[in-house]
Amino acid sequence: MRSDTYEAGLQIAMKLGIPREVRSEERRVAVAPRTVERLRKLGFDVQVEAGAGAQANCSDAKYIEAGAAIVSAADIWQQCDVVLKVEPPSDTEIASMRQGQILLGMIWPANNEPALARLAAAGVTAIAMDCVPRISRAQKLDVLSALANIAGYRSIIEAAHLFGRFFAGQMTAAGRVEPAKVLVIGGGVAGLSAMTAARGLGAIVRGFDTRLAVKEQVESLGADFLVLNFEESGEGEGGYAKVMSEAFLEAEMKLFAEQAIEVDIIITTAMIPGRDAPVLITAGMVETMKEGSVIVDLAAERGGNCALTVAGEVVEHHGVSIVGYTDLPGRMPGLSSRLYGNAIAAMLEEMGGNEDFDIDLDNEIIRGALVTHGGEVMWPPPKPDDPIIAPDYSKDFGKRPEDAEEEDSALSTAKIPSGLLRSVATGIGAIATVGLLIVIGLWAPASFATHFTVFILACFVGWQVVWSVAPALHTPLMSVTNAISGIIILGGLLHLSDTSAMSAVVLGVIAVFFATINIVGGFLVTRRMLAMFRR
């Protein structure tokens, strides 16, 4: 879906409008100047309201240098085909929009139903960047993770500003300074970012999350993961945490009460989609903390994880500072705007760019983020159908379902499950191998039979080892096999030197060729993996 912008057979660029955010406290802008160049390469005509990026260190001159036009607010709302925003549109902004106009921004439809109704009534197509589905293909559009990363980092900066000591321990001539102890509650993107920043400053860091799958991630950052002796996982839909049982919550609160006495800084990030933030730090816990301690509550906008949190403010209780800022990403406006703009550009690429721009309802990313379209509210999106998993008869071979007739009927038309095929193939391979070994043992020379037996066993063991490795580990496995490939090359070179047997030379060439491919590929993969961790 797009407005026709063709004249004399030539396509006219769609106009993208970037208005100034109306809330005075908002420092960010939807697109930074460096992203303007990317949008222009997609074929769009970019127009920016005068002063839109002033608080994010994005001057009008930088936008002009990047190829954007500086216009008035009225021009943005009246002339642009697509409007790009950070915050949800105000009532005044919605009233300024026209039918068929497209809005991209953070809309928070679950908490903003009146705005959805007004956008639909105005005939606006609204795409909520905060509703991009969390799938692998949409990672580059995940603004929530990008902004949570900034919020987690900034929470440590705010805590360090209020904390009266070094984070790292020091031994000085004037006396010893104890290292700060930091507890981060929540092992999502924000929590992990906070742990990384705290460890970088030299603090002793402890992390907690109801999802046990987070344990290895926390420990990989050098933090200690606090474990409850409780058989219940907090893994919820979409990777978020879920509501836990009363017994678990009691054990959890006891743990936090014990930690509050010991630690100097607490960072809380716990939120459950569609609900108020759970209270994890009570007033009593705050009163047991040491004077000068700091709590930074990243859930302040949803009520807060601390009972004493006041959204947007810093309050002090019994000598403990409780930070309830709701604009932590906005306190680093330049970086936030750049990352947010990258996600906006990725969404416009997903929609086809200027040349093939389309609201494709069959595209799971676009449909997941689409909240109003064609005069209707499109949120929430329909849930995808659950995948149909064929039964694995290799695990339950010989068992019959309760209804034997139904099973016989199904088996006559259904495909054979992959597990059964694997088992049959393995059995046939084993029988064939044993038969071949018997034949070779009866007629082949003893030396050949010995080498051939070792070769077959090596193939079998290697196949079993690789087959048992999880797909996620195939990349590092490829790097590890470089050592084995080096041994194969040595053997191949020895065969190449044996000119008396042409078959040995051919086998040597083949061995050297394939081993070289594996070694080169392994080094390339290892180099890319190491580049991910380079500063």
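Q: For this particular structure, what's the right way to read the overall build of the protein chain?
A: The helix and strand tally for the protein chain stands at 18 helices and 19 strands. Partitioning the contacts of the protein chain with sequence separation of at least 6, the portion at a separation of at least 24 is 62%. As presented, the protein chain carries roughly 29,400 Å² of accessible surface, and 59% of it is formed by carbon and sulfur atoms.

Q: For this particular structure, what's the right way to read unusual backbone geometry?
A: Apart from glycine, the bulk of residues carry a negative phi angle, and the bulk of peptide bonds sit in the trans form. Residue Trp-379 is joined to Pro-380 through a cis peptide bond whose omega torsion reads 0°. Assignment of secondary structure puts Pro-380 in the loop between strand 19 (376-377) and helix 13 (404-413). The backbone phi angle of Asn-57 is positive, close to 60°, even though this residue is not glycine. Inspection of the secondary structure assignment puts Asn-57 in the loop between strand 4 (45-49) and helix 2 (60-66). Among the residues examined, Asn-57 registers a relative accessible area of 61% and is labelled exposed. A positive phi is found at His-318, a non-glycine position, where the angle reads about 55°. Mapped onto the elements of the fold, His-318 is located in the loop between strand 16 (314-317) and strand 17 (320-323). According to the relative accessible area criterion, His-318 is exposed, its value standing at 54%.

Q: Help me out: how do you make sense of the packing of helix 1 (residues 33-41) against helix 11 (residues 333-350) in this one?
A: Working note: a packed helix pair is described by the angle between its axes plus the distance between those axes. The interhelical angle for the contact between helix 1 and helix 11, taken along N-to-C directions, is 10°, at an axis separation of 9 Å. Comparing their axes, helix 11 and helix 1 come out roughly parallel. Along the contact surface, helix 1 presents Arg-34, Thr-35, Arg-38 and Leu-39, while helix 11 presents Arg-338, Gly-341, Asn-342, Ala-345, Ala-346, Leu-348 and Glu-349. Residues that form the contact of helix 1 with helix 11 fall into these classes: four nonpolar, three polar and four charged.

Q: Quick question: what am I supposed to make of the nonpolar core here?
A: In globular proteins that are soluble, nonpolar side chains generally tend to be buried together. Judged by nonpolar contacts, the single largest core of 47 residues is most densely connected at Leu-84, Leu-104, Met-129, Met-347, Leu-348 and Phe-357. At seven residues, the largest contribution of residues to this core is made by helix 11. Apart from the residues lying within four places of it in its own chain, the contact partners of Leu-104 are Val-82, Val-83, Leu-84, Lys-85, Ile-127, Ile-344, Met-347 and Leu-348. Counting residues in each nonpolar core, the second largest holds 28 residues, with Ala-151, Ile-156, Ile-267 and Leu-328 among its members.

Q: It is not clear to me how the packing of aromatic side chains should be interpreted in this structure. Could you clarify?
A: What characterises a pair of aromatic rings is the spacing of the ring centres plus the angle enclosed by the ring planes. One pass over the full model with this rule turns up four aromatic pairs. Both rings, one in Phe-163 and one in Phe-167, keep their centres 6.0 Å apart while their planes meet at 85°; by these two values the pair is edge-to-face. Of the two residues examined, Phe-163 and Phe-167, each falls in the buried class. Their ring planes at 85° and their centres at 5.3 Å tell us that Phe-208 and Phe-256 sit as a pair that is edge-to-face. You can see Phe-208 sitting in strand 12 (residues 204-208) and its partner Phe-256 sitting in helix 9 (residues 246-262), a full 48 residues away along the chain. Phe-208 sits in the buried class, given a relative accessible area of 3%. Since its relative accessible area comes to 0%, Phe-256 is described here as buried. Across the ring face of Tyr-325, the terminal group of Arg-331 is positioned such that the distance to the ring centre comes to 3.6 Å.

Q: Help me understand the sheet that holds strand 5 (residues 69-71), please; the structure alone is not making it clear to me.
A: In a beta sheet, neighbouring strands pair by backbone hydrogen bonds and run either parallel or antiparallel. Ordered by their spatial adjacency, eight strands build an open sheet running 5-4-3-6-7-8-18-19, and the pairing between neighbours is mixed. The outermost strands of the open sheet, each flanked by one partner alone, are strand 5 and strand 19. When strand 8 (residues 125-128) meets strand 18 (residues 370-373), the two strands line up antiparallel, connected through two bridges. Looking at strand 18, one finds that Ala-126 is bridged to Thr-372. In this fold helix 5 (residues 113-121) packs onto strand 7 (102-105), strand 8, strand 18 and strand 19, with an angle of close to 40° to the strand it touches most, strand 18. The strands touched by helix 11 are strand 3 (15-18), strand 6 (82-84), strand 7 and strand 8; relative to strand 7, the strand with the most contacts, the crossing angle is about 140°.

Q: What's the story with the packing of helix 6 (residues 143-162) against helix 7 (residues 189-200) in this structure? I'm lost.
A: Where helix 6 meets helix 7, the closest approach of the two axes is 7 Å, and the angle between their N-to-C directions is 40°. In this structure, helix 6 crosses over helix 7, and the sense of that crossing is right-handed. For the pair formed by helix 6 and helix 7, the contact residues are Ser-145, Ala-148, Asn-149, Gly-152, Tyr-153, Ser-155 and Ile-156 on the first element and Val-189, Ala-190, Ser-193, Ala-194, Ala-197 and Ala-198 on the second. Residue composition of the contact of helix 6 with helix 7, grouped by class: eight nonpolar, five polar and no charged.

Q: Please explain a nonpolar patch on the surface as it appears in this structure.
A: A cluster of nonpolar side chains, namely Met-502, Val-506, Leu-507, Ile-510, Phe-513, Phe-514 and Ile-517, defines an oily patch on the protein surface of about 730 Å² accessible area. In this structure, Ile-510 sits in helix 18 (residues 502-531). Exposure remark for Ile-510: the relative accessible area of 39% places this residue in the partly exposed category.

Q: In this structure, what is going on with the sheet that holds strand 17? I would like to understand it.
A: The strand order 13-12-11-14-15-17-16 describes an open sheet built from seven strands, whose pairing is mixed. What marks the edges here is a single partner per strand, and that holds for strand 13 (224-225) and strand 16. With three bridges joining them, strand 15 (residues 294-297) and strand 17 adopt parallel strand pairing. When the sheet's bridge partners are listed, Ile-295 is paired in strand 17 with Ile-322. In the packing of helix 6 onto the sheet, the strands contacted are strand 11 (181-185), strand 14 (265-268), strand 15, strand 16 and strand 17, and the crossing angle to strand 15 comes to about 155°. Running at roughly 170° to strand 12, helix 9 makes contact with strand 11, strand 12 and strand 14 of the sheet.

Q: When you look at the pattern of salt bridges in this model, what are you seeing that I'm missing?
A: Think of it this way: side chains of opposite charge can pair up when their charged atoms draw near. By the definition in use, this model includes 22 salt bridges. Of the charged contacts in the structure, one is a salt bridge between Arg-23 and Glu-26, with a shortest N-O distance of 3.8 Å. Taking relative accessible area as the criterion, Glu-26 reaches 5% and is therefore assigned buried. Measuring nitrogen to oxygen at the nearest pair gives 2.5 Å for the salt bridge that ties Arg-176 to Glu-178. Owing to a relative accessible area of 41%, Glu-178 belongs among the partly exposed residues under this scheme. One network of salt bridges, with partners in common, ties together Arg-23, Glu-25, Glu-26, Arg-28 and Glu-87.

So, how was this worked out
- Residues numbered from 1 in each chain as written.
- Predicted model: local features only at pLDDT ≥ 70, side-chain atom pairs only at ≥ 80, totals over all residues.
- Heavy atoms only, no water.
- Helix = DSSP H or I, 4+ residues; strand = E, 2+ residues; numbered from the N terminus.
- Contact = heavy atoms within 4.5 Å.
- Areas by Shrake-Rupley, 256 points an atom, 1.4 Å probe, with all protein chains shown as cover.
- Buried < 20%, exposed > 50% of the residue type's maximum accessible area, 1.4 Å probe, protein only.
- Axes fitted to C-alpha atoms, helices over the stretch in contact; angles between N-to-C directions.
- Parallel < 35°, antiparallel > 145°, perpendicular 65-115°, else oblique.
- Nonpolar A, V, L, I, M, F, W, Y, C, P; charged D, E, K, R; others polar.
- Core = buried A, V, L, I, M, F, W, Y, C linked by side-chain atoms within 4.5 Å.
- Phe/Tyr/Trp six-rings, centres within 6.5 Å; stacked < 30°, edge-to-face > 60°.
- Lys NZ or Arg CZ within 6 Å of the ring centre and 35° of its normal.
- Pairing = 2+ DSSP bridges.
- Left-handed = near helix turned anticlockwise from the far one by under 90°.
- Patch = residues over 30% accessible without salt bridge, like charges linked within 9 Å, V, L, I, M, F, W, Y side chains within 5 Å.
- Salt bridge = Lys/Arg side-chain N within 4 Å of Asp/Glu carboxyl O.

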